[in-house]
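If you want the building blocks of each chain, they are given just below.
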Amino acid sequence: MASTTNFRPKLAMGTFVLLSVALSMTTASVTNGATSPANRSIQTAGHHSDTKCQDGLLLSVWQPEDNLTTGDRIARGLVYFFSLLYLFIGVSIVSDRFMAAIEVITSKEKEVRVRKAGGEEQIVVVRVWNETVANLTLMALGSSAPEILLSIIEIVAKNFNAGDLGPGTIVGSAAYNLFVIMAICVLVIPDGEVRKIKHLRVFFVTATWSVFAYIWLYLILAQITPGRVDMWEGFLTFLFFPATVITAYVADRRLLVYKYISKQYRMNRRGVIVQVEAESAMEMNNRDEKLNTIDENGGITEEVRDFEESRREYISALKDLRKKYPQHDLEQLEIMAQEQLMNKGPKSRAFYRIQATRKMMGSGNIMRKISERAQSDLSEVKAELQRVDVDEPIEEDAACRVFFEPGHYTVMESVGEFEVRVVRRGDLAATVTVDYETEDGSAEAGSDYIGAKGTLTFAPGVDEQRFQIQVIDDDVFEQDEHFYIRLSNASEPASLSTPKVATVMILDDDHSGIFALTSRDHELVESIGTYELKVQRYSGARGHVRVPFWTEDGTAKAGKDYEALSGELIFENNEIEKVIQLIIIEEGSYEKDVLLYVNLGEPQQIGGIIEAAERKAPEELTEEDKMALLGRPKAGDIVRAQLRIKESKEFKNTVDKLVQRANASILIGTSSWKEQFVEALTVSAGDDDGENEGEDPPTPSCMDYIMHFVTLFWKIIFAFIPPTDMSGGYLCFVVSIFCIGVVTAIIGDVASHFGCTLGIKDSVTAIIFVALGTSIPDTFASKVAAIQDKYADASVGNVTGSNAVNVFLGIGVAWTIAACYHSFHGRSFDVEPGTLAFSVTLFCTEALVAIIVLMVRRNPRIGGELGGPKKAKIVTSIFLFSLWIVYLLISSLEAYGIIKGF
């Protein structure tokens, strides 16, 4: 991942260059003042200015105003300029808190149950807020809050009369966002890589609205009601905001007309079937993973598609890490895979905006919290799964119950006596009696065992009783036999419970035995580690016997799914069971179903008369040898077992829950005031994108310390804003927007005084200084998003939506309020169309050109809106940046009357 460069020197350099441009422009306007009617009120330095600076909403004019020398004006201008810079830092920091609240609000999630074709239900966690709606409402408001509030506050500060600073900032910010931010995003993509807009339909809708917004401004200013804005025009401007949101949502969800647009499919480089909307990926499946959840239109539900894509990325990352770090255990690899998923996963514009601001202000890189969060997530998920796996305790009945425990006994014929256990559960307060009696099965009382009957008495508080059963041993070879022991006649208040009949199996020990596996089919999970496959000996247990065994590949492969094994089991005299220790290799498969086989060979007697008889020729066998051979060990019916290895349910559930938690937005919220003040007072390294494995965290640089102490005042002040975890983020949202309003009001006053002191018009101050200052965090946020995101939506796609929302909210709300106020007082709300209408027209023309350029870049030669071949990147970036320079120059020249406008 490309590392981000140091932000502060670029910020200072860019601001200095623009200041120089503005000052030289002002000098030019003053020099031409003798012939330019627009500048006749501005006198040369040292003379009284006919244009008086007005007090702002919160700040009064710096007195005295009269008889200021050139040095005085430059000194005051520098004070105002650096004050503006400091205020821009402040509004960026409080916007950080505001965006964190928005991210917490819009990242609320819910569980959705989806059913696959096989009937299996799957729980998928999805966002409550639609991504498009969130981007065009709260996200756009958070990103553009200073510009929007500046326009509204300026109207109020000027007694509901139109001003140039608010609208100029909105148009200037739109130009900067569309031209400069896009130019940077195109350039920073590594050579040969491209980023495409994923939601192309939404981009077309928002791009159309963004251009229409400024065309609409021109129409109401210069055509419909020239020089006047009526109440219906302001209100209609505001109503275009919900219209933008609704149409974008319709496009995103394929509603109405989009429902009938044919879908296209293609196969990508990995063999994945992809549904495309102008190259937008909708991954359906790969060769061995079937996603069968289908919506009513025949397409894949978006929620399941995103979940499955994240799951595949997690599994892929886990497999790559297993190869790279074979010495790590699964839990460490799961944490590392979770980190990668959160690093590479989609992030909102709010996340990138906050990340950029915190880096610039020496507050550290929030991406470093991912490691801590991944560890925490895994611990919580494991604990949650353990709670789910623990069976709910069965509530014992208050009534007294009596039964055998255990209900089955297996004994050797030579055991002599063995003990049988009877227990009672429930109420132990009373004295209880119960009868027992043996019953014949294949074993007969008197020849195979001694029949028994009797009564057991449980005194108060006693919960178990035992009695002895005797087995008769003989030297006659016979099959394994069994008999029963039955409970009856339990006294009140007790009752008999299952098992009330115990089965006793007598194993004959006069034969070497029959050897077999316990079952033909076995199912196990890959996370089991070692699986114990049991081999039983029945119908005799006399002598020492060896039983050969070996594993055999099926669809499971030795060395990949299990460790190959072969050898011999040695059964000692009277030993009736052995286990084969199979080592299963856990490879972390989400879905797995493979087979292997275990085979038993012919058992062989070790030593004794049987082994000696087996070595003799048939004619040499004596009667004793022949009798011995009848009791030699034999293979049973089940000498080949099939073992099915399936995925670990725990691992599968862990993957599902970790994927659900792979939401980087949770890193930017705060849970307490203490956490906020600790963050405010702590300086952290901010210029790296994270550490490599095994490396120590970087230490803060000198610039980190400088920026931390420069911004410490703002950090401490805004640490008093309620944490995002309180009231679901809404309290933080309200308090933050109030704080942004206060700082923005001061910015408006300082910007006006700055321009007035140096003779710069508000319209020029707005498009050069204020628009740039409020857009700096967005610049770096888009740059980081362009590099880190695999799509261009977060870096470029949201620019058009924000530009439209700025007009509909910033100008729509402000002008509606002003028009209503003037209408109430029987006056009209007058707005001079001149500079604003000209600036809007110029911007619309250039915006159309810029959007066409981006669309042309989607052709196969380049491949996407961002990145591509090096030459194409440089040419595009220079062209887009030149559009912004042309916009600034022509708008400024028109503002000073050097060229004719409307």
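Further up the page is the structure itself.
A brief structural summary. (Residues numbered from 1 in each chain as written. Predicted model: local features only at pLDDT ≥ 70, side-chain atom pairs only at ≥ 80, totals over all residues. Heavy atoms only, no water.)

## Overview of the overall build of the protein chain
Item 1. Across its full length, the protein chain holds 20 helices and 28 strands.
Item 2. Per-residue burial for the protein chain yields a buried fraction of 51% across its 902 residues.
Item 3. Across the protein chain, every contact between residues at least 6 apart in sequence was considered, and the portion connecting residues at least 24 apart equals 75%.
Item 4. As displayed, the protein chain has an accessible area near 40,300 Å², and 57% of this comes from carbon and sulfur atoms. (Helix = DSSP H or I, 4+ residues; strand = E, 2+ residues; numbered from the N terminus. Buried < 20%, exposed > 50% of the residue type's maximum accessible area, 1.4 Å probe, protein only. Contact = heavy atoms within 4.5 Å. Areas by Shrake-Rupley, 256 points an atom, 1.4 Å probe, with all protein chains shown as cover.)

## Quick look at empty space enclosed by the protein
Item 1. The tally for this structure, following the rule as stated, stands at 4 cavities of 30 Å³ or more.
Item 2. If you add up the space inside the largest cavity, you get close to 110 Å³.
Item 3. The wall of the largest cavity is formed by 14 residues, among which Asp-164, Gly-168, Ser-763, Thr-835 and Leu-836 lie closest to the centre.
Item 4. Every element with two or more residues in the lining of the largest cavity is listed here: helix H4 (165–188), helix H17 (762–788), helix H19 (834–856) and helix H20 (870–895).
Item 5. When grouped by side-chain class, the residues that make up the lining of the largest cavity number 7 nonpolar, 6 polar and 1 charged. (1 Å grid on protein atoms, 1.4 Å probe; cavity = no way out; pocket = protein on both sides within 12 Å on 5 of 7 lines; lining within 4 Å. Points joined across faces, edges and corners; volume = space filled by probe spheres on them. Nonpolar A, V, L, I, M, F, W, Y, C, P; charged D, E, K, R; others polar.)

## Quick word on a nonpolar patch on the surface
Item 1. A surface patch of nonpolar side chains, about 510 Å² in accessible area, is lined by Leu-57, Leu-58, Leu-59, Val-156, Phe-738 and Val-742.
Item 2. Mapped onto the elements, Leu-59 comes out in the loop between helix H1 (7–31) and helix H2 (70–106).
Item 3. Under the relative-accessibility criterion, Leu-59 is labelled partly exposed at 33%. (Patch = residues over 30% accessible without salt bridge, like charges linked within 9 Å, V, L, I, M, F, W, Y side chains within 5 Å. Salt bridge = Lys/Arg side-chain N within 4 Å of Asp/Glu carboxyl O.)

## Re the packing of aromatic side chains
Item 1. If you walk through the whole model with that rule in mind, you get 28 aromatic pairs.
Item 2. Judged by centre distance (6.3 Å) and plane angle (40 degrees), the ring pair of Phe-81 and Phe-754 falls under tilted. Of this pair, Phe-81 sits in helix H2 while Phe-754 sits in helix H16 (residues 730–758); the two residues are 673 residues apart in sequence, bridging distant segments of the chain. Comparing Phe-81 with Phe-754 shows no difference in burial state: the two are buried. (Phe/Tyr/Trp six-rings, centres within 6.5 Å; stacked < 30°, edge-to-face > 60°.)

## Thoughts on the packing of helix H3 (residues 131–157) against H4
Item 1. For the pair H3 and H4, the least separation of the axes is 7 Å and the interaxial angle reads 160 degrees. It follows from the interaxial angle that H3 and H4 lie roughly antiparallel. Along this stretch, H3 crosses H4, giving a crossing that reads as left-handed. Note on element contacts: H4 touches H3 through Leu-165, Gly-166, Pro-167, Thr-169, Ile-170 and Ser-173, opposite Glu-147, Leu-150, Ser-151 and Glu-154.
Item 2. For the contact of H3 with H4, a count of residues per class yields 4 nonpolar, 4 polar and 2 charged. (Axes fitted to C-alpha atoms, helices over the stretch in contact; angles between N-to-C directions. Parallel < 35°, antiparallel > 145°, perpendicular 65-115°, else oblique. Left-handed = near helix turned anticlockwise from the far one by under 90°.)

## Examining the environment of Ile-638
Item 1. Residue placement: Ile-638 occurs in the loop between strand S25 (634–635) and strand S26 (640–646).
Item 2. For Ile-638, a relative accessible area of 18% translates into the label buried.
Item 3. Along the primary structure Ile-638 and Phe-515 are separated by 123 residues, whereas in three dimensions their C-alpha atoms are 8.5 Å apart.
Item 4. When residues no more than four places from it in sequence are discounted, the contact partners of Ile-638 are Ala-516, Leu-517, Thr-518, Ser-519, Arg-520 and Leu-600.

## Here we look at the packing of H2 against H3
Item 1. The contact between H2 and H3 brings their axes to 8 Å, and the two run at 170 degrees. Here H3 runs roughly antiparallel to H2, going by the angle between their axes. Between H2, through Val-91, Ser-95, Phe-98, Met-99, Ile-102, Glu-103, Ile-105 and Thr-106, and H3, the contact on the second element is made entirely by Ala-134, Leu-138, Met-139, Leu-141, Gly-142, Ser-143, Ala-145 and Pro-146.
Item 2. When grouped by side-chain class, the residues that make up the contact of H2 with H3 number 11 nonpolar, 4 polar and 1 charged.

## Digging into the sheet that holds strand S10 (residues 417–425)
Item 1. Pairing is mixed in the open sheet, where 4 strands are placed in the order S13-S10-S8-S15. In this open sheet, the two strands that pair with only one neighbour each are strand S13 (464–470) and strand S15 (495–496).
Item 2. As paired elements, S10 and S13 share 7 bridges and run antiparallel to each other. Bridging across to S13, Phe-418 finds its partner in Ile-469. (Pairing = 2+ DSSP bridges.)

## So, the state of the cysteines
Item 1. Counting across every chain of the model gives 1 disulfide.
Item 2. Disulfide pairing is shown between Cys-53 and Cys-756; the S-S distance is 1.8 Å. Across the S-S bond linking Cys-53 and Cys-756, the dihedral sits near -100 degrees, which makes this disulfide left-handed. Here the residue Cys-53 occupies a position in the loop between H1 and H2, and Cys-756 occupies one in helix H16, the gap between them amounting to 703 residues.
Item 3. Taking the relative accessible area as the measure of exposure, Cys-756 reaches 23% and is therefore partly exposed. (Disulfide = S-S within 2.5 Å.)

## Comments concerning the environment of Arg-424
Item 1. Mapped onto the elements, Arg-424 comes out in strand S10.
Item 2. On the accessibility criterion, Arg-424 (1% relative accessible area) is buried.
Item 3. In this structure Arg-424 touches Cys-400, Arg-401, Val-402, Ala-430, Val-432, Phe-458, Ala-459, Pro-460, Gly-461, Val-462 and Asp-463, once residues within four positions along its chain are discounted.
Item 4. A polar contact of 3.2 Å, which involves the side chain of Arg-424, links it to the backbone oxygen of Leu-428. (Polar contact = N/O pair within 3.5 Å; in protein donor to acceptor, adjacent residues only side chain to side chain.)

## Examining the pattern of salt bridges
Item 1. Inspection of every chain in the model, using the stated rule, returns 14 salt bridges.
Item 2. For Asp-191, the salt bridge goes to Lys-873, with nearest N and O atoms at 2.7 Å. Residue Asp-191 is found in the loop between H4 and strand S3 (194–195), and its partner Lys-873 is found in helix H20; the two are separated by 682 residues along the sequence.
Item 3. Its relative accessible area of 49% is what places Asp-191 among the partly exposed residues.
Item 4. Given a relative accessible area of 3%, Lys-873 falls into the buried group.
Item 5. Across the pair Glu-439 and Arg-486 runs a salt bridge whose closest N-O atoms are separated by 2.8 Å. Of this pair, Glu-439 sits in strand S11 (residues 432–440) while Arg-486 sits in strand S14 (residues 481–488), and the two are 47 residues apart along the sequence.
Item 6. Here the salt bridges share partners, and the residues they tie into one network are Glu-405, Glu-419, Arg-421, Arg-425, Glu-464 and Arg-466.

## Remarks on the side chain of Asn-803
Item 1. Counting through the fold element by element, Asn-803 comes out in helix H18 (residues 793–824).
Item 2. On the accessibility criterion, Asn-803 (2% relative accessible area) is buried.

## Focus on the nonpolar core
Item 1. Grouped together as the largest cluster of nonpolar side chains are 133 residues, with contacts concentrated most on Tyr-214, Trp-815 and Phe-843.
Item 2. Residue contributions to this core peak at 15 residues, all from H2. (Core = buried A, V, L, I, M, F, W, Y, C linked by side-chain atoms within 4.5 Å.)

## Here we look at the sheet that holds S25
Item 1. Ordered by their spatial adjacency, 4 strands build an open sheet running S22-S19-S17-S25, and the pairing between neighbours is mixed. In this open sheet, the two strands that pair with only one neighbour each are strand S22 (577–583) and S25.
Item 2. Alignment of strand S17 (residues 514–517) against S25, held across 2 bridges, turns out to be parallel. Residue pairing for S25: Phe-515 is matched across the bridge by Ala-635.

## Focus: the side chain of Gln-676
Item 1. Mapped onto the secondary structure, Gln-676 falls in helix H14 (residues 673–681).
Item 2. For Gln-676, a relative accessible area of 5% corresponds to the buried category.
Item 3. Reaching out from Gln-676, the side chain makes a polar contact with the side chain of Thr-670 at a distance of 2.8 Å.
Item 4. A polar side-chain atom of Gln-676 sits 2.8 Å from the main-chain carbonyl oxygen of Ile-721.
Item 5. Once residues lying within four places of it in the same chain are set aside, the contact partners of Gln-676 are Arg-97, Thr-670, Ala-719, Ile-721, Pro-722, Pro-723 and Thr-724.

## Observations concerning unusual backbone geometry
Item 1. A cis amide bond links Gln-63 to the next residue, Pro-64, at an omega of -5 degrees.
Item 2. Locating Pro-64 in the fold gives a position in the loop between H1 and H2.
Item 3. Going from Thr-498 to Pro-499, the amide bond is cis rather than trans, its omega being 0 degrees.
Item 4. Structurally, the position occupied by Pro-499 is in the loop between S15 and strand S16 (501–507).
Item 5. The backbone phi angle of Asn-159 is positive, close to 55 degrees, even though this residue is not glycine.

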